[in-house]
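Each chain is listed here by its residues.
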Amino acid sequence: MRTLTKLSVAASSPDMASEASSVDANSADSKSADGKRVDGKRVDNKAAQQHESAIKHVTGRATYIDDLPAPAKALHIALGLSPVAHGRLERLDLDPVRAMPGVVDVITFHDVPGHTDIGPVFPGDPLFVENEISYAGQCLFAVAAESHDAARRAAKAAIIEIDEQPASLDPVAAAEKNDLVRPTHVQQSGDWQQSLDNARHIVSGEQFIGGQEHFYLEGQACLVTPSEDEGVVVHTSNQHPSETQKLVAEVLGIAFHAVTVEVRRMGGGFGGKETQASPWACIAALIARRTQRPARLRLSRGDDMRLTGKRHPFHSRYRLGVDDNGVIQGGDMTLIGDCGYSPDLSEAIVDRAMFHADNAYFLGAARVTGHRARTHTASNTAFRGFGGPQGMMLIEQAMDDIAHRLGEDPLTIRKRNLYRPGRATTHYGQEVEQLDLLHTLIGQLESSSDYWVRRDEISAYNARSPIIRRGLALTPVKFGISFTAKHLNQAGALLHVYTDGSVMINHGGTEMGQGLHTKVCQVVARELGLALSSVRISATRTDKVPNTSPTAASSGADLNGQAARDAALTLRERLFAFALENLWPQAGLKLDDLQLKDGMLMAGSGEESYRITWGELVQAAYIGRVSLSAQGFYSTPLIHYDREAAKGRPFYYFAYGAAVSEVAVDSLSGEYQVTRVDILHDVGDSLNPAIDIGQIEGGFIQGMGWLTSEELKWNDAGRLLSDGPATYKIPAFGDLPATFNVELLKGHPNSQASIYRSKAVGEPPFMLAISVWSALRDALASLAPGGQCPRLDTPATPERVLMAIAAMQDHGDKHPAGNSREDDAHVQA
Amino acid sequence: MIDFHLNGEPQSLDGLPPDTSVLELLRTRLDATGTKEGCASGDCGACTVAIGEPDGHGNLRYHSANACILPAHQLKGCHLVTVEGLAKGDVLHPAQAAMVDCHASQCGFCTPGIVMSLFTLYEASSHESGSQPATLAPYSQARLEAALGGNLCRCTGYRPIRDAAQAMLAYPADQRCVTWDASEHLAARVAESAQDSPVDGSLYHRPKSLAELFALRRDHPSARLVAGATDLWLERTQQLKVLPELIDLRNLAELQVLEEHDQGLHIGAAVTYARFEPVFEAHFPAFSRLLHRFASSQIRHRATLGGNVANASPIGDGPPVLLALDASLVLEGPEGARELPAQEFFLDYRQTALGAQEVLGEIRLPWLPEGRQLKVWKLSKRREDDISAVLGAFSWQLEEGRLRNVRLAFGGMAAIPARARGAEAALEDQPPSPAAFAAARQALDNDFKPLSDVRGSSAYRRLAAANLLERLRLKIVTSTSQGANTPNTPAMEVTLDAYAD
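These figures come from a predicted structure and were not determined experimentally.

(A) Local environment of the overall build of chain A. Secondary structure summary: chain A contains 21 helices and 29 strands in total. Its C-alpha radius of gyration of 28 Å places chain A within 12% of the 28 Å reference for a compact globule of 829 residues. Within chain A, buried positions represent 63% of all 829 residues. Contacts in chain A between residues at least 24 apart in sequence constitute 81% of all its contacts with a sequence separation of at least 6.

Right under this line is the structure:
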């Protein structure tokens, strides 16, 4: 055995090989991630690496924006908010603000040297109000002072006179008047009208789906430092650094290269820091440039909730024709998204709602219409699922309604309507692949959750329990993966290897807790055959990787993992070529003979084996004048969507899952509890089972909050009443179901060539929570006369549940909700 | 002067404004930024710290608290433990190690608070088990909810946090090597720091007797009273008010009584919820179960029943129960004390019978005589740490098949916590029949005209309150007919397990 050891290498970290086999996605095994949970021991799956910041999280050493040491002379910024929802700003007297103690600068619309509109895709988002006020909480001015409290107190001193006008708060009325932030879009497959005319049964219903506050635990925050020349350095809690770079530059009227944006981590994002983290960076940058002092801005919880947009509330209705088996033949679905006052991302969000109006079911000859209604509220924005959840809610309501109409179990109806061979084209023309996957997944879950046994038990229980009623539901998820704005489906990475062998990878994605950096480091470590500990990410920076896409659409690992892998492969090829030419020139080795593994470059075996440690290899390559820095790039193949024709393949692939939820409802109080949840979810071949399970569980509970306890309320004048955690209730510890079985689907690698055949996991599990809402309706249906399934708008608070029960009892079968008798008459005629 | 210990190290602070919070102190003055601000209103738990107080037996007992609404001046004589104080070098505390191993952090922002709540749970368990926490049985769901119900996490969905809580006891107890473990006699030194410091002209006053209190109030009429600070401090953090001068009520022996007398229980106005909870468990179990859903552990360890009463919020959870129990209140004034039935205390929205110079001294709860029942039901959007939309507190006895001395008190139904006199009259001396209760529900509709607000509509409140009377009927009927159930027909369930009374 010949081993090349002559090159003396000073720096070769001893731990670099120690876990070198730790990243093996093929060994991903959900059972081990799951099965070891109860005793709390580390998951023994090697891919189930802990979050790269886990130890920093638990020791308080992970720094967030407001934890950054205050630079000398840093100013603190507070904002002045409009107290009314709609009107004309008649007078803004800020002299009293300037006179408050500690105040250094006050700025308004008129102090912006560059762009005053920071709309991310379409115009419509003024940084400050000029004249017209469009929502209560809209930013009128900013004040910079020597302390956080001084700035906040000063902001309250402004004299504001507004000619108040009636606020438009009803999106349905707005849609009827064509008061829209973007034009209506329609997708159509076949002759929907004829499908209704010919249908054996017509089922129809409508629903209101409430919005959702992101409630990231770290509120919006940034710190801007003036830099040399005319530039700024921006530290921000932000999902889209490149867009913030662009907007800050445009607001200041300077070139993009004068602005550097850095994001180390966010204390939660969920979509709320995709477009809506930029305004604060722009304002702080203005102050920093004007005063030549660092400026920090963090929103108090109440200001954050008043200023920023939320998940879009939707008003939706459907009218579907079904056959005697409850199989959809076609029909008409209308979705009205409440966009708030400006477009923001609403074009794409309502599109995604429309793309998911089928969820996992073949719609036949259907028309799906999406309206983008304007109201005088904050501009609603991205939130995990990005419209998809609202689209799915409508068809899931329809499934329950059809089942109750025909006297079938809702699961039976759902299964009959799933995409299958011959019924595999979506209403926007995309062929659904992996057609058997969802059938297999649901079959496994039906069995592992004892669905049918429990169905019988619950029916028997309900028959003897007048007050407490139980409900059960299985709902599937099919979620399209890719940005529907095609150009965003690209990513870059920058890989540096230093001469001690340590590796730095930068990429365009941001870390908001989802474990993206952990996964990307795992990819690089795997390609270079290194221990995870030898690969590090510093932060996401616009001067490392430019022109990046937001970390959104669940795409972070798909896009950036591929870009990082591309960089690693480039570097690996360089090192292999160097080794063949310079280390082992006489060995007759080919490229294919080489591999990086266990912290070594190795080739051959037995007597003819060649070995060099990673550290030695890197040192040799450096001495040999080989570049140890590589760029990577990735763009998603195959995708396209023709918006004119409303046809295409917007999604590279679909991610699937299903959940069974059981609830118990107190019909006297409307109180309920979720007693058991079983989830089986498809992540292809998992990149990191521990992180993926975390995304599934966290997404599910967040989705459950959206549909149950998280209620946004405005008063009649459009002022947000639920403006803090005292009045806006996200799930708490006790809302975790007592039984919560979460498994990854095994044996179904992604059919597309995604990163190691994994699948995106950020958003899809959110929609598994629809099973909770469906189970609540199931419980209520047991109280309904004559096979109805009562309408249950969301969030289904105890109040809504109780009032739904009361509505059934009041009206008996006169007004069966969610299910129209007129349509039955039509069929009988 | 505030003498306290921070993570084992003595601290002495001078000239701190009275309205400085512990969070502000940590983050802006002591450069300890591990403790986070998530809401500044005591609702999210990101700022959770542990407060160690001498237990009088040479040990420190720790409870969790929200640093964002905790007056820094209340640290005097305490050991403040923050997330920075747990790991010794690279060796993590079991609470931390379990969180890492269970993958229980994602974005990490709530994590320091959760670690601190787990730390206080661990410390309590360590104490209960004679420093052998590994020998303890797994925690009950109720215990975990009590420990973690005040910590919101938006990322994980809590499952791995639940696992970490259960797992941490199994970690080697010698890993509990917090940085300050080595400092011997810490408890003694902490106790010492509670001693009076020389008069320093501070505007944060700590009277020791009622006489001292009345003199202070006379001399400093604009000073605000503070005990748990869990409501007052919201004026500071949410309304940005300056609180230039404060009088702390927690050191008055008269307000700290917790005594069982022949006639009933006397609770000093400054006694914390956490302190009287075990007493209620024994004597007023229905009230005690309500307390599990009253705010969070962090709040219950600071907040006082006196504050809940004197605050006179129409949606406070304590007052309706006091009304149902025919409690009385002792009002202390410079001219002496007077005792007032609780129902005469609440005059109008946030208006009470307290005279300008008076303070609430004691709450007196008469014992429930044999046969007298109490039920307390709270309706809210979220089961834990939420404010009631409607709270019903009902007391009665059944004599010869008839309801007697019926008390039906409600929160959330009027501008003040109030009894439903019409509904009470409809049930008094009646059998618990459907007809009697139908009449009571009818009467209830005339008793209250509730408002619509962020927590519920008027229509919902009326219906829910009426339905609570129906629930009451069913409870009475099922409990009196229990013997009649055959094994094959289980008793009808009237409430959900999670809301069991």
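From this point, the discussion proceeds with the structure in view.
(B) The overall build of chain B, seen in detail. A tally of regular secondary structure across chain B gives 16 helices and 19 strands. Relative to the globule expectation of 23 Å for 501 residues, the C-alpha radius of gyration of chain B, 24 Å, shows essentially globular dimensions. Projecting the C-alpha coordinates of chain B onto the three principal axes gives extents of approximately 70 × 60 × 40 Å. For chain B, the proportion of its 501 residues judged to be buried stands at 55%. For chain B, long-range pairs separated by at least 24 residues make up 68% of all intrachain contacts whose partners lie at least 6 apart in sequence.

(C) Local environment of the sheet that holds strand 21 (residues 594-597) of chain A. All names here are of chain A. Read from one edge of the open sheet, three strands run 21-22-23, paired in antiparallel fashion. Edge positions in the sheet fall to strand 21 and strand 23 (610-613), since each of these pairs with one other strand and no more. Averaged over neighbouring strand pairs, the angle between their axes works out to 20 degrees when direction is ignored. Direction of pairing for strand 22 (residues 600-603) relative to strand 23: antiparallel, over a ladder of four bridges. Residue pairing for strand 23: A603 is matched across the bridge by Y610. Relative to strand 21, helix 16 (residues 556-583) is tilted by about 120 degrees, and along the sheet it contacts strand 21, strand 22 and strand 23.

(D) Geometry of the pairing of strand 12 (residues 336-341) of chain B. All names here are of chain B. With six bridges connecting them, strand 11 (residues 328-333) and strand 12 associate as antiparallel partners. Across the sheet, V330 pairs through a bridge with E339, a residue of strand 12. Following strand 11, the chain reverses through two residues before pairing antiparallel with strand 12.

(E) Inspection of the interface of chain B and chain A at higher detail. Chain B puts 75 residues into the contact, and the matching count from chain A is 76 residues. For the side of chain B that touches chain A, the elements supplying multiple residues, two or more each, are helix 2 (94-101), helix 3 (111-128), helix 4 (141-148), helix 5 (159-168) and helix 16 (458-480) of chain B. In terms of residue class, the side of chain B that touches chain A is made up of 37 nonpolar, 21 polar and 17 charged.

(F) The domain arrangement of chain B, seen in detail. All names here are of chain B. What the domain assignment reports for chain B is domain 1 (2-85 + 181-248), domain 2 (94-175), domain 3 (253-366) and domain 4 (375-499). Domain 2 and domain 3 are separated by 32 Å when their C-alpha centres are compared. Tallying the contact residues gives five residues for domain 2 and five residues for domain 3.

(G) Structural view of the packing of helix 15 (residues 434-447) of chain B against helix 16 of chain B. Residues and elements named next belong to chain B. Contact geometry for helix 15 and helix 16: axes closest at 10 Å, N-to-C directions at 155 degrees. Our classification of the angle between helix 15 and helix 16 gives roughly antiparallel. Helix 16 is crossed by helix 15, and the crossing has right-handed handedness. Here F437, A440, R441, L444 and D445 of helix 15 lie close against helix 16, whose contacting residues are R462, A465, A466, L469, E470 and R473.

(H) Quick look at the sheet that holds strand 19 (residues 418-419) of chain B. Residue and element names in this part refer to chain B. In space, the four strands of this open sheet follow the order 16-17-18-19, with antiparallel pairing throughout. A strand with exactly one partner marks an edge of an open sheet, and here the two such strands are strand 16 (372-379) and strand 19. With two bridges joining them, strand 18 (residues 402-411) and strand 19 adopt antiparallel strand pairing. Opposite F410, over in strand 19, you have A418 as the bridge partner. Taken strand by strand, helix 16 contacts strand 16, strand 17 (390-399) and strand 18, and its axis lies near 30 degrees from that of strand 17.

(I) Spotlight on the confidence of the model for chain B. For chain B, the mean per-residue pLDDT works out to 93, and 96% of the residues sit at or above 70. Model confidence for the complex is summarised by a pTM of 0.95, with the ipTM given as 0.97.

(J) Summary view of the domain arrangement of chain A. All names here are of chain A. Looking at chain A, the domain boundaries give domain 1 (14-48 + 490-635), domain 2 (66-166 + 220-298) and domain 3 (314-484 + 644-828). A separation of 38 Å is found between the C-alpha centroids of domain 2 and domain 3. Every contact between the two is made by 19 residues of domain 2 and, on the other side, 20 residues of domain 3.

(K) The arrangement of the nonpolar core in detail. Residue and element names in this part refer to chain A. Counting 402 residues, the largest nonpolar core has I77, V143, A284, A285, V524 and L776 as the members making the most contacts within it. Considering every element that reaches this core, the biggest residue donor is helix 16, with 11 residues. Each residue touching V524, except ones within four places of it in the same chain, is listed here: L495, V503, I505, V535, A564 and A568.

(L) Geometry of the packing of helix 16 of chain A against helix 17 (residues 614-623) of chain A. All names here are of chain A. Running from amino to carboxyl end, helix 16 crosses helix 17 at an angle of 80 degrees, the nearest separation of the two axes being 11 Å. The pairing of helix 16 with helix 17 is recorded here as roughly perpendicular in orientation. Residue-level contacts link L575, F578, A579 and L583 of helix 16 to L617, A620 and A621 of helix 17. Split into classes, the residues belonging to the contact of helix 16 with helix 17 amount to seven nonpolar, no polar and no charged.

(M) Local environment of the pairing of strand 10 (residues 232-236) of chain A. Residues and elements named next belong to chain A. Counting buried positions along strand 10 gives four out of five residues, so the element sits mostly inside the fold. Here strand 9 (residues 221-226) pairs with strand 10 via five bridges, running antiparallel. If you follow V224 over to strand 10, its bridge partner there is V234. Two elements, strand 10 and strand 11 (residues 259-263), share four bridges in a ladder whose sense is parallel. When the bridges of strand 11 are listed, V234 appears paired with V261. The β-α-β motif built from strand 10, the intervening helix 7 (residues 241-252) and the parallel element strand 11 has right-handed crossover chirality.

(N) Expanded view of the environment of R464 of chain A. Tracing the backbone shows R464 of chain A in helix 14 (residues 451-464). Residue R464 of chain A is classed as exposed on the basis of its 10 C-beta neighbours within 10 Å.

(O) Region of interest: helix 18 (residues 689-707) of chain A. Helix length check: helix 18 of chain A, at 19 residues, gives a terminal C-alpha distance of 27 Å against a target of 27 Å (1.5 Å per residue), a fit within 8%. Most of helix 18 of chain A is tucked away: 19 of the 19 residues are buried.

(P) Structural view of helix 4 (residues 148-155) of chain A. Within the span of helix 4 of chain A, buried status applies to A150, A151, R153, A154 and A155 of chain A. Elements in contact with the buried residues of helix 4 of chain A: strand 1 (75-81), helix 3 (95-98), strand 3 (103-107) and strand 5 (139-145) of chain A.

(Q) Layout of the confidence of the model for chain A. Residues and elements named next belong to chain A. The predicted model of chain A has a mean per-residue pLDDT of 92, with 92% of residues at 70 or higher. Low pLDDT, under 50, characterises residues 1-44; the stretch is placed with 116 contacts to residues that sit more than four places away or in other chains. Per-residue pLDDT stays below 50 along residues 813-829; that stretch engages in 29 contacts with residues further than four places along the chain or on separate chains.

(R) Just the environment of G371 of chain B, in detail. Along the chain, G371 of chain B falls in the loop between strand 15 (359-366) and strand 16. Separated by 25 residues in the primary sequence, G371 of chain B and W396 of chain B have C-alpha atoms spaced 8.5 Å apart.

(S) Local environment of the environment of E146 of chain A. All names here are of chain A. Note that E146 resides in the loop between strand 5 and helix 4. Each C-alpha atom of the pair E146 and A74 lies 7.4 Å from the other, and the pair is 72 residues apart in sequence. Residues contacting E146, with those up to four places away along its chain left out, are G102 and V104.

Reading the values: the criteria
Residues numbered from 1 in each chain as written. Chains lettered and ligands numbered in written order. Predicted model: local features only at pLDDT ≥ 70, side-chain atom pairs only at ≥ 80, totals over all residues. Helix = DSSP H or I, 4+ residues; strand = E, 2+ residues; numbered from the N terminus. Rg over C-alpha atoms; globule rule 2.2 N^0.38 Å. Buried ≥ 20, exposed ≤ 12 C-beta atoms within 10 Å, placed from the backbone. Contact = placed C-beta atoms within 7 Å. Pairing = 2+ DSSP bridges. Axes fitted to C-alpha atoms, helices over the stretch in contact; angles between N-to-C directions. Nonpolar A, V, L, I, M, F, W, Y, C, P; charged D, E, K, R; others polar. Domains from an automatic or database assignment. Parallel < 35°, antiparallel > 145°, perpendicular 65-115°, else oblique. Left-handed = near helix turned anticlockwise from the far one by under 90°. pLDDT = per-residue confidence, 0-100. Core = buried A, V, L, I, M, F, W, Y, C linked by C-beta atoms within 7 Å. Right-handed = clockwise from strand over helix to strand, strands pointing away. Expected span 1.5 Å × (residues − 1).

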